[in-house]
Amino acid sequence: QIDSQVTVDAQYVLELAAPRAPTLTFGAINLTDEDPPGVRTNGGYDSKVHDPRGRMYYAKALFRF
């Protein structure tokens, strides 16, 4: 039996009102930095289901011309 894993992902999108202004996106994956549940394999986790990388932040800018 494998324990469950609950992660929290969050994203904030900022659309500026100025003409031709970029749309900015900020976010986080696995915000609470949950470790994947242990499994008896070489890697120690189920790589098909869980992600061992922990908390990740990202930012994106979308420009329209």
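Provided above is the structure to which this section pertains.
These lines cover the structure that appears in this document, whether it is placed above or below.

About the cut-offs
- Think of each chain on its own: its residues are numbered from 1, step by step along the sequence as written.
- Owing to the predicted nature of the model, reporting of local features is limited to residues with pLDDT of at least 70; listing and counting of side-chain atom pairs is limited to 80 or more, with chain, interface and lining totals taken over all residues.
- Water and hydrogen atoms play no part in the side-chain values, which are based on all heavy atoms of the structure.
- Helical segments are the DSSP runs of H or I of at least four residues, strand segments are the runs of E of at least two, and each set is numbered from the N terminus.
- With a 1.4 Å probe rolled over the protein chains alone, any residue whose accessible area is under 20% of its type maximum counts as buried; one over 50% counts as exposed, and the rest are partly exposed.
- When DSSP locates at least two bridges between a pair of strands, those strands are taken to pair.
- Note on method: axes are straight lines fitted to C-alpha atoms, helices fitted across the in-contact stretch only, with angles between N-to-C directions ranging 0 to 180 degrees.
- Here the term patch refers to residues with relative accessible area over 30% and no salt bridge, with like charges joined within 9 Å and nonpolar side chains (Val, Leu, Ile, Met, Phe, Trp, Tyr) within 5 Å.
- In this description, accessible areas are obtained by the Shrake-Rupley approach with a 1.4 Å probe, and a residue is regarded as covered only by the protein chains that are shown.
- A pair is scored as a salt bridge if a Lys or Arg side-chain nitrogen falls within 4 Å of a carboxyl oxygen belonging to Asp or Glu.

### Details of the environment of proline 19
Checked against the element boundaries, proline 19 lands in the loop between strand 1 (10-15) and strand 2 (23-29). When its relative accessible area of 75% is taken as the criterion, proline 19 is described as exposed. In the structure, proline 19 is positioned 37 residues away from methionine 56 in sequence and 31 Å away in space, judged by C-alpha atoms.

### Let's talk about unusual backbone geometry
At asparagine 30, a position not held by glycine, the phi torsion is positive, near 60 degrees. Mapped onto the secondary structure, asparagine 30 falls in the loop between strand 2 and strand 3 (56-62). Take asparagine 30: its relative accessible area is 5%, and that puts it in the buried class.

### Observations concerning the sheet that holds strand 1
Across a sheet, paired strands are connected by hydrogen bonds in the backbone, their directions being either parallel or antiparallel. Spatially, three strands are ordered 1-2-3 in an open sheet, and the strand pairing comes out antiparallel. Edge positions in the sheet fall to strand 1 and strand 3, since each of these pairs with one other strand and no more. Neighbouring strand axes in the sheet, compared pairwise and without regard to direction, differ in orientation by 10 degrees on average. Bridge count for strand 2 against strand 3 is seven bridges, and the pairing is antiparallel. Residue alanine 28 lies in a different strand from strand 3, and its bridge partner there is tyrosine 57.

### A look at a nonpolar patch on the surface
Together, Tyr12, Leu14, Leu16 and Phe26 line one region of the surface with nonpolar side chains, adding up to about 380 Å² of accessible area. If you trace the backbone, tyrosine 12 turns up in strand 1.

In short, shape yes, function no, at least from these values alone.
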